[in-house]
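# Chains, contacts and geometry: an overview
Spelled out from the first residue to the last, the chains are:
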Amino acid sequence: MREQVIPILRVVDAAVSVAWYGRLGFVKQWEHRFEPHLPAFVEVARGEVKLFLSEHTGDATPDTLVYMWVADVDEVAREFGVVVEEQAWAREVHLRDPDGNRLRVATPSEV
């Protein structure tokens with residue numbers, strides 16, 4: 001068992017969110033509901049990076065910020081049609097998922 005941290009993001013419609021995160025290279029791993037009509041709790045993964053997407057109102061608050069390192073931020077920028085910003089520590093893009101959660105996706109600057 002490898003120790004890790006997995007952010008939980010509040011979403012309204014897990015299926016819509018899974019599709020949006022798919023554009024970032026995430027793949028749905030599993031989905032849980034206590035009953036078919038109850039809220040979904042979903043894991044998505046991009047390699048070793050995992051996120052939980054929860055329709056449960058008490059699990060997380062909207063407008064959460066997640067910072068994610070990737071090998072090629074330019075690829076992400078092209079997919080979402082956004083401009084890469086140059087920072088002292090990284091080249092990054094700022095995204096918002098369908099539920100208003102914020103993602104800063106970056107590639108480290110050459111040192």
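Residues numbered from 1 in each chain as written. Predicted model: local features only at pLDDT ≥ 70, side-chain atom pairs only at ≥ 80, totals over all residues. Heavy atoms only, no water.

### Concerning the pattern of salt bridges
- The final tally for this structure, using the stated rule, is 9 salt bridges.
- A salt bridge links Arg23 to Glu79; its shortest N-O distance comes to 2.8 Å. One end of the pair, Arg23, is in the loop between helix H1 (14–22) and strand S2 (27–32); the other, Glu79, is in helix H2 (residues 73–80), with 56 residues separating them in the sequence.
- Judged by its relative accessible area of 38%, Glu79 falls in the partly exposed class. (Salt bridge = Lys/Arg side-chain N within 4 Å of Asp/Glu carboxyl O. Helix = DSSP H or I, 4+ residues; strand = E, 2+ residues; numbered from the N terminus. Buried < 20%, exposed > 50% of the residue type's maximum accessible area, 1.4 Å probe, protein only.)

### Considering the nonpolar core
- One finds Tyr21, Leu24, Leu53, Val76, Val93, Leu95 and Val105 to be the most contacted residues of the largest nonpolar core, which totals 25 residues.
- Among the elements of the structure, H1, strand S3 (41–46), strand S4 (49–54), strand S5 (65–69), H2, strand S7 (90–96) and strand S8 (102–108) are those that each provide at least two residues to this core. (Core = buried A, V, L, I, M, F, W, Y, C linked by side-chain atoms within 4.5 Å.)

### Quick notes on H2
- Buried within H2 are the following residues: Val73, Val76, Ala77 and Phe80. Down the axis of H2, the smallest arc covering the buried residues is 100°, so these residues share one side. Turned more than 90 degrees away from the buried face of H2 sit Glu75 and Arg78, all of them exposed.
- Buried residues along H2 sit in contact with H1, S7 and S8.
- The N-cap of H2, judged by a side-chain oxygen 3.1 Å from the amide nitrogen of Asp74 a few residues on, is Asp72. (Arc of directions from axis to C-beta. Contact = heavy atoms within 4.5 Å. Polar contact = N/O pair within 3.5 Å; in protein donor to acceptor, adjacent residues only side chain to side chain.)

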